[in-house]
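# Fold and contact review
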Amino acid sequence: MAATMLPMSAIAATAEEQKYDEVITVRLKAKNGANITEKFNKLSRLVKEESNTLLKIYLPKGGKYISRGQLKVWSNTEVYFNGATIVHKNNSSTMLRMGNEYEWEEANGGKGYTGYTGGQHIKLVGGTMDGGAKGEACVRFGHMKDITLQNMVFTNCKNSHFVELGACSDILIDGCTFSNYKGDLASHSNSEALQFDATVGDGGERYHFGGYPERQDDTPCKNVTVKNCVFKNLQRGMGTHAGSANTYFDNMRFVNNKFTNITGYAIICTAYTNAVIANNTITNCAAGIFFRALEGSHGNFYAAQTHSSKRTKVKDFSSTIKNNKITITRGYKKAYDNTGYAIHLYGEKLKKKDYNVPAGDWRLSNVTVQGNKITMQATGYPIWIEGTMNSLIKKNKITCNLTEQGAGGNGDAIRMDNCISNKIYQNTITNKTKKGGYDSDMSGINLMNSSDNTVYLNTVKNVKKDGIKLDNCKNNTFTENTVETAGRDIVHETASSGNVFKKNVFSGSERDGINTDTCSNESYKNNTFKNIGRRAFNLYGGKGCLIQSNTVKKCGEDAVRLDCTNGAKVYSNSFSTLKRDGVNMSDCSGSWIWDTYIYYPKRDGIHMTGGSSNWATENTLDYCTRDAINSDSASSSKYESNTITNTTRRAFNLYNDTSDKIISNTVTDSGEDAVCADGTSKLTIDKNSFTTQGRDGIKLDNTSKTVITSNKIKSSTRYGINATSGQIKTDSGNSISGSGKADRSWK
């Protein structure tokens, strides 16, 4: 062992060295394979902590040594490994720590160190610390500040963290490698190779960061930068999985790191504020980045011991996850049995205390997820957002090529649970899974129990289930999104209300464009539908929905299907090239079809079954293959001011209806009758213009109390009115001309 002491004036001091009164440089001498514990600890004790002296320890270049005890450093110490390797041979202690544990117990009058007062300025540079698979960490520091780990390799730790920092600030970890976890990969112990912890506990015997000592003063890590590091062949990558109420890890920066072959998640962030997670590459990991307000099971999230645990309002986290490249698989050795994801945001609102977490609003707020490139090769969720508000999910590129079944999740590209007032903007979702893959339940954007979110300018392509899916959601807005090719519905909604869809372009669904079940007060405006397998709109139950100014081209069945839907408004739309009806209504009440253009349906322009008090006004129905308006067993329907041309069969075909009104319509070129009523009662036909009928202008069969007034009926091949006098209550003011047989069949 040799120690060289040089005064500051004898060397060219760096800016860092100029802060000290003296710099001492020492070089450790030992044979390869030697146990260097005692020699190292003697060198590291050369300087008293209270002195303003910097100690630099140099290991022999490229040497290989062992440690059978615990290596210790004190404040203002720098260790330069020179490529040397130290292998740990002790399974009962951390390889390297700050000071003696008994000294920490006796410090501060027996109270121990708190905050960041236990030590400062430790630097480890350029070597390898091999845990020797002994079940202990390579490095463990607590209550410290100013720590640098640079160009170090930490490897072969068993069932433990590799580097563990609790209650530390001003940390730089640059160019380090963490590799080769030894132990149970399937364990739920969350053994992050690099862990940032807080000195938290339950106020009793249960504490989370021991050995420094267990003071439970709720001190987190802060001002941390981890950059240019490599994490490979690990159970977990880095981050924080525990904390305490209202204790935040501030200014955490994880940038330009590479993660490969991770069993579980690459990065976990619990209660991080002002964090930046950027430009990382994550490959062959079962989960990517987990960013959360608190620990989800609440077992590792404690009530604060030094400040209030109450949460009366949402915390602003002001954090960014951007420009990361993430590829998700089943992970290293496929041992992860939780749901996989690329990016997962998590918070929650607790109605009552759970474990040590008090009731309160523990949701995430103000987190930006932007510019990430995500490839999913196993089922899970590319972006999964829970209990999050006022956040931005922007310009992420998601590609799914699901070649294996993950431990959980169905592959929904963006999934939102219990989220409020977020913006989902300009994301691209593409499913490239080949035939025989695991994408059968994959949807594009899936919202559950969420409200007041804005989803706009996103592109979803080739999903096997739904392009957009909502369950129990309200007041969300979907604008200018493009969905191309969905294996089920473009939009699928259940038990939702007040959502707005406008200016979207939807095409290529196997089933429906928009399918709803018991949804109310939904608004669909200015959307474009084309090549829809079944119906552009298929609404079941609910009330008060608005379908306005939409363009629909090429549907396998109807443009609009309303089933038991009340108070719906279908207004100012354009429907064309339909293989069944323009609008099909069953058992609806108080609904209104107004100012809509329906062209060339293969069956009826408007088809009604049952229901009451529905209106169809000012519509244009052209080239209907069967009837323009067909109604069966409805009541109090009103058909007013419609323009109907070139109908193959009948403009109005009513069967068993009651109290309907056909008023001020203009009908030309009906293949059979302008109006055919069978089994109706109290029907009013007033002020209409019927021209060029292939059979009758008005044909009544088994009707009663029919009122026919002030109509103009021209050019009927048979009769202007074909009925018996007993069927008609009033026949007055009608102008009938050009009838082939007679104006009235009974005269």
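Anyway, here's the lowdown on the structure attached to this text. Remember, predicted model here, so these are calculated numbers, not experimental data.

The next point concerns the overall build of the protein chain. What the protein chain contains, in helices and strands, is 2 helices and 80 strands. In terms of overall size, the protein chain is more extended than a compact globule, its C-alpha atoms giving a radius of gyration of 37 Å where 747 residues would be expected to give roughly 27 Å. The principal-axis extents of the C-alpha atoms in the protein chain amount to approximately 130 × 50 × 45 Å. Across the 747 residues in the protein chain, those meeting the buried criterion constitute 58%. Within the protein chain, residue pairs in contact and separated by at least 24 positions form 57% of the contacts whose partners lie at least 6 positions apart.

This structure, assessed with the given rule, holds 28 salt bridges. As a salt-bridge pair, Glu404 and Lys334 come within 3.3 Å of each other at their nearest N and O atoms. Linking Glu404 in strand β37 (residues 397–404) with Lys334 in the loop between β27 (325–328) and β28 (341–346), this pair joins segments that are 70 residues apart in sequence. Of the charged contacts in the structure, one is a salt bridge between Arg626 and Asp604, with a shortest N-O distance of 2.7 Å. Here Arg626 is found in the loop between β64 (620–622) and β65 (629–632), whereas its partner Asp604 is found in the loop between β61 (597–601) and β62 (606–609), with 22 residues between them in sequence. On the accessibility criterion, Arg626 (25% relative accessible area) is partly exposed. Relative accessible area serves as the criterion here: at 0%, Asp604 is assigned to the buried category.

A separate point is helix α1 (residues 37–44). Taken as a whole, α1 has its buried residues at Thr37, Phe40, Asn41, Leu43 and Ser44. Looking down the long axis of α1, one finds its buried residues gathered within 160 degrees of arc, a one-sided arrangement.

The side chains of a regular strand alternate, first on one face of the sheet and then on the other. Bridging between strand β4 (residues 64–67) and strand β7 (residues 85–88) involves 4 bridges; their strand directions are parallel. Its bridge partner lying in β7, Ile66 is registered against Val87. Here β7 runs beside strand β10 (residues 128–130); their pairing, made up of 3 bridges, is parallel. Residue Val87 lies in a different strand from β10, and its bridge partner there is Asp130.

Okay, the state of the cysteines next. Summed over the entire model, instances satisfying the criterion amount to 0 disulfides. Of all cysteine sulfurs, the one in Cys221 lies closest to Cys168, which takes part in no disulfide; the gap is 5.2 Å. Relative accessible area serves as the criterion here: at 0%, Cys168 is assigned to the buried category. Unpaired in this structure, Cys545 has its nearest cysteine sulfur neighbour in Cys519, at a distance of 6.8 Å.

Taken across its 12 residues, strand β13 (residues 163–174) has 10 buried, putting it largely inside the fold. Alignment of strand β11 (residues 139–150) against β13, held across 10 bridges, turns out to be parallel. Looking at the pairing, Ile147 lines up with Ile171 of β13. Taken together, the 5 bridges between β13 and strand β16 (residues 222–227) define a ladder with parallel strand orientation. Along β16, the bridge assignment pairs Ile173 with Val226.

For the largest pocket, the calculated volume is near 400 Å³. Looking at the largest pocket, it is lined by 21 residues, and the ones nearest its centre are Tyr265, Phe290, Arg292, Tyr336 and Asn338. At the level of elements, β21 (258–270), β24 (281–292), β28 and β34 (381–386) are the ones that each hand at least two residues to the lining of the largest pocket. If one sorts the elements of the lining of the largest pocket by residue count, β28 sits on top with 3 residues. When the residues that make up the lining of the largest pocket are grouped by side-chain class, the tally is 7 nonpolar, 10 polar and 4 charged.

Moving on, we get to empty space enclosed by the protein. If a probe the size of a water molecule is rolled over the atoms, the empty space left behind becomes visible. Scanning all chains against the criterion turns up 1 cavity of 30 Å³ or more. Taken as a whole, the largest cavity holds about 50 Å³ of empty space. What lines the largest cavity is Ala286, Ile328, Thr329, Arg330, Tyr336, Asn338, Gly340, Ala378, Thr379, Gly406 and Ala407.

Quick look at a nonpolar patch on the surface now. A surface patch of nonpolar side chains, amounting to about 370 Å² of accessible area, comprises Tyr597, Tyr599, Tyr600 and Tyr623. For Tyr600, the position within the fold is in strand β61. Its relative accessible area of 36% is what places Tyr600 among the partly exposed residues.

It is worth spelling out unusual backbone geometry at this point. Although it is not a glycine, Asn159 sits at a positive phi angle of roughly 50 degrees. Take Asn159: it is sitting in the loop between β12 (153–155) and β13. Its identity as a non-glycine residue notwithstanding, Glu480 has a phi of 55 degrees, on the positive side. Residue placement: Glu480 occurs in the loop between β45 (477–479) and β46 (482–486). For Glu480, a relative accessible area of 42% puts it in the partly exposed group.

What counts and what doesn't
- Residues numbered from 1 in each chain as written.
- Predicted model: local features only at pLDDT ≥ 70, side-chain atom pairs only at ≥ 80, totals over all residues.
- Heavy atoms only, no water.
- Helix = DSSP H or I, 4+ residues; strand = E, 2+ residues; numbered from the N terminus.
- Rg over C-alpha atoms; globule rule 2.2 N^0.38 Å.
- Buried < 20%, exposed > 50% of the residue type's maximum accessible area, 1.4 Å probe, protein only.
- Contact = heavy atoms within 4.5 Å.
- Salt bridge = Lys/Arg side-chain N within 4 Å of Asp/Glu carboxyl O.
- Arc of directions from axis to C-beta.
- Pairing = 2+ DSSP bridges.
- Disulfide = S-S within 2.5 Å.
- 1 Å grid on protein atoms, 1.4 Å probe; cavity = no way out; pocket = protein on both sides within 12 Å on 5 of 7 lines; lining within 4 Å.
- Points joined across faces, edges and corners; volume = space filled by probe spheres on them.
- Nonpolar A, V, L, I, M, F, W, Y, C, P; charged D, E, K, R; others polar.
- Patch = residues over 30% accessible without salt bridge, like charges linked within 9 Å, V, L, I, M, F, W, Y side chains within 5 Å.
- Areas by Shrake-Rupley, 256 points an atom, 1.4 Å probe, with all protein chains shown as cover.

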